[in-house]
Amino acid sequence: IQAAILRVKFKHLDRYNDQRAGFARKYSERLQGSVITPLTFSDRKHIFHQYTIRTDTRDQMLEYLKENGIPSAIYYPVPLHLQKAYSYAGYRAGDFPISENLSHEVLSIPMHPNLLDEEVENITATIKRFLGK
């Protein structure tokens, strides 16, 4: 059943990717100067499976978004070098401080091809409200 569904969706993949990229541009424009947004490059195409922002108030923002009915997620709370699956490598906390710091700052906000402009506006306005901007 899943294969049949995905076979139909595959025909729309390019359009879905373009829609997500468009919503990512809107997020980046509206959130500029409020949080750190994903980098993009003109010679590359990003499909934005996730739209992940950075803020030093990540945990509080996550709770605020939840209170305001906006789903968000922390997809990678533990850096790779500290995950149990990679313990054989012998890395410890402090070995990769940038990665460790980022794992406490990143938060993904809604991203899918069926977003509405009104939802993007509400999400970005809520984030700005939380930050007092």
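Preceding this paragraph is the structure being described.
Residues numbered from 1 in each chain as written. Predicted model: local features only at pLDDT ≥ 70, side-chain atom pairs only at ≥ 80, totals over all residues. Heavy atoms only, no water.

**Here's the deal with the environment of Thr 52**
Note that Thr 52 resides in strand β1 (residues 51-54). You can call Thr 52 partly exposed: its relative accessible area is 26%. As a C-alpha pair, Thr 52 and Phe 41 span 11 residues in sequence and 16 Å in three-dimensional space. The residues contacting Thr 52, other than those within four sequence positions of it, are Ile 36, Pro 38, Val 106, Leu 107 and Ser 108. A polar side-chain atom of Thr 52 sits 2.7 Å from a polar atom in the side chain of Ser 108. (Helix = DSSP H or I, 4+ residues; strand = E, 2+ residues; numbered from the N terminus. Buried < 20%, exposed > 50% of the residue type's maximum accessible area, 1.4 Å probe, protein only. Contact = heavy atoms within 4.5 Å. Polar contact = N/O pair within 3.5 Å; in protein donor to acceptor, adjacent residues only side chain to side chain.)

**What about the packing of aromatic side chains?**
Counting across every chain of the model gives six aromatic pairs. With centroids separated by 6.4 Å and ring planes inclined at 45°, the aromatic side chains of Tyr 86 and Tyr 88 adopt a geometry described as tilted. By way of ring pairs, the aromatic residues Tyr 27, Phe 48 and Tyr 51 are connected into one cluster. Just above the ring of Phe 41 sits the side chain of Arg 44; from NZ or CZ to the centre is 4.8 Å. (Phe/Tyr/Trp six-rings, centres within 6.5 Å; stacked < 30°, edge-to-face > 60°. Lys NZ or Arg CZ within 6 Å of the ring centre and 35° of its normal.)

**Some thoughts on the pattern of salt bridges**
Enumeration according to the criterion identifies six salt bridges in this entry. Where Lys 26 meets Asp 117, a salt bridge forms, and the shortest distance between an N and an O atom there is 2.4 Å. Highlighted residues: Lys 26 in helix α2 (residues 13-31) and Asp 117 in helix α5 (residues 117-131), separated in sequence by 91 residues. Look at Lys 26 and you get partly exposed, because its relative accessible area is 27%. (Salt bridge = Lys/Arg side-chain N within 4 Å of Asp/Glu carboxyl O.)

**A look at a nonpolar patch on the surface**
Judged by side-chain polarity, Leu 80, Tyr 86 and Tyr 88 come together as a nonpolar surface patch covering roughly 380 Å² of accessible area. Relative to the assigned elements, Tyr 88 resides in the loop between α3 (58-67) and α4 (97-102). When its relative accessible area of 67% is taken as the criterion, Tyr 88 is described as exposed. (Patch = residues over 30% accessible without salt bridge, like charges linked within 9 Å, V, L, I, M, F, W, Y side chains within 5 Å. Areas by Shrake-Rupley, 256 points an atom, 1.4 Å probe, with all protein chains shown as cover.)

**Structural notes on the nonpolar core**
Side chains of a nonpolar character, in soluble globular proteins, are inclined to be buried together. Ranked by internal contacts, the top residues of the largest apolar core, which has 18 residues, are Tyr 27, Tyr 51, Ile 53, Ile 109 and Ile 127. Looking at this core element by element, the count peaks at four residues for α2. (Core = buried A, V, L, I, M, F, W, Y, C linked by side-chain atoms within 4.5 Å.)

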